[in-house]
Amino acid sequence: QVQLVESGGGLVQPGGSLRLSCAASGFTFSNYAMSWYRQAPGKQRELVAAITSGGSTNYADSVKGRFTVSRDNGKKLVYLQMNSLKPEDTAMYYCNGRMIISRTFDYWGQGTQVTVSS
């Protein structure tokens, strides 16, 4: 059974930091690109950061220099280190695993809430 379970969300003051974790099971984690998306109320889900199976990363312009995505293939974990948080970072954050071969394999977690507020 495929599972992606996010953790680490919470309430933080502007300028603070959080580290999100996503624990994967039920698929060959090392073969998958892993991403973090977020969705704020009334807005579309957007890509925040991604890391390929080979370790290459890319980021949304809005988080470059503040967020860092990383992965531990041995532990089947992907992380999102979020620094210098802003109120506009408030959203539900989702973990995604994707692999495209003959078809697309696409898995989602349930999300973890991040709220940045004083």
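This structure is a prediction, so every number in the text was calculated from the model and none was measured.

Q: I would appreciate a short explanation of the sheet that holds strand S7 (residues 67-72) in the present structure.
A: Pairing between the strands of a sheet is mediated by backbone hydrogen bonds and can be parallel or antiparallel. The strand order S1-S3-S8-S7 describes an open sheet built from four strands, whose pairing is antiparallel. Strands with a single pairing partner mark the edges of an open sheet, and in this sheet they are strand S1 (3-7) and S7. If you compare each strand with its neighbour and ignore which way they point, the axes differ by 15° on average. Of the strand pairs in this sheet, strand S3 (residues 18-25) and strand S8 (residues 77-82) are connected by six bridges, and their pairing is antiparallel. Within the sheet, the bridge partner assigned to Ser21 lies in S8 and is Tyr79.

Q: Explanation requested: the state of the cysteines in the structure shown.
A: As used here, a disulfide is simply a covalent bond connecting the sulfur atoms of two cysteines. Applying the stated rule across the entire model yields one disulfide. Through a disulfide, Cys22 is tied to Cys95; the S-S separation comes to 2.1 Å. Taking the sign of the S-S torsion, about -85° here, the bridge from Cys22 to Cys95 comes out left-handed. Within this pair, whereas Cys22 is found in strand S3, its partner Cys95 is found in strand S9 (residues 91-100), the two being separated by 73 residues in sequence. Residue Cys22 shares its accessibility class with Cys95, and that shared class is buried.

Q: Could you clarify how one ought to interpret the packing of aromatic side chains in this entry?
A: The relative placement of two aromatic rings is captured by the distance of their centres and the angle of their planes. Within this structure, the stated rule accounts for five aromatic pairs. With a centroid separation of 6.5 Å and 50° between ring planes, the pair formed by Phe27 and Phe29 is classed as tilted. With relative accessibility at 9%, the residue Phe27 sits in the buried group. Taking the relative accessible area as the measure of exposure, Phe29 reaches 2% and is therefore buried. Cluster of aromatic residues (ring-pair linked, three or more members): Phe27, Phe29, Tyr32 and Tyr107.

Rules used in this analysis
Going along each chain's sequence as written, the residues are numbered from 1 onward. Two thresholds apply to this predicted model, a pLDDT of at least 70 for residue-level local features and 80 or more for giving and counting side-chain atom pairs, whereas whole-chain, interface and lining totals are computed over all residues. Here the side-chain values reflect all heavy atoms present in the structure, with hydrogen atoms and water set aside. Think of it this way: DSSP has to see at least two bridges between two strands before they count as a pair. To qualify as a helix, a DSSP run of H or I must reach at least 4 residues; to qualify as a strand, a run of E must reach at least 2; elements of each kind are numbered from the N terminus. Interaxial angles span 0 to 180 degrees and are taken between N-to-C directions of axes, which are lines fitted to C-alpha atoms, for helices over the stretch in contact. A pair of sulfur atoms, both from cysteines and within 2.5 Å, is called a disulfide here. Burial status follows relative accessibility: with a 1.4 Å probe on protein chains alone, a residue under 20% of its type maximum counts as buried, one over 50% as exposed, and anything between as partly exposed. In this analysis, rings of Phe, Tyr and Trp, with Trp reduced to its six-membered ring, are considered paired at centre separations within 6.5 Å, and the interplanar angle assigns stacked below 30 degrees, edge-to-face beyond 60, and tilted for intermediate values.

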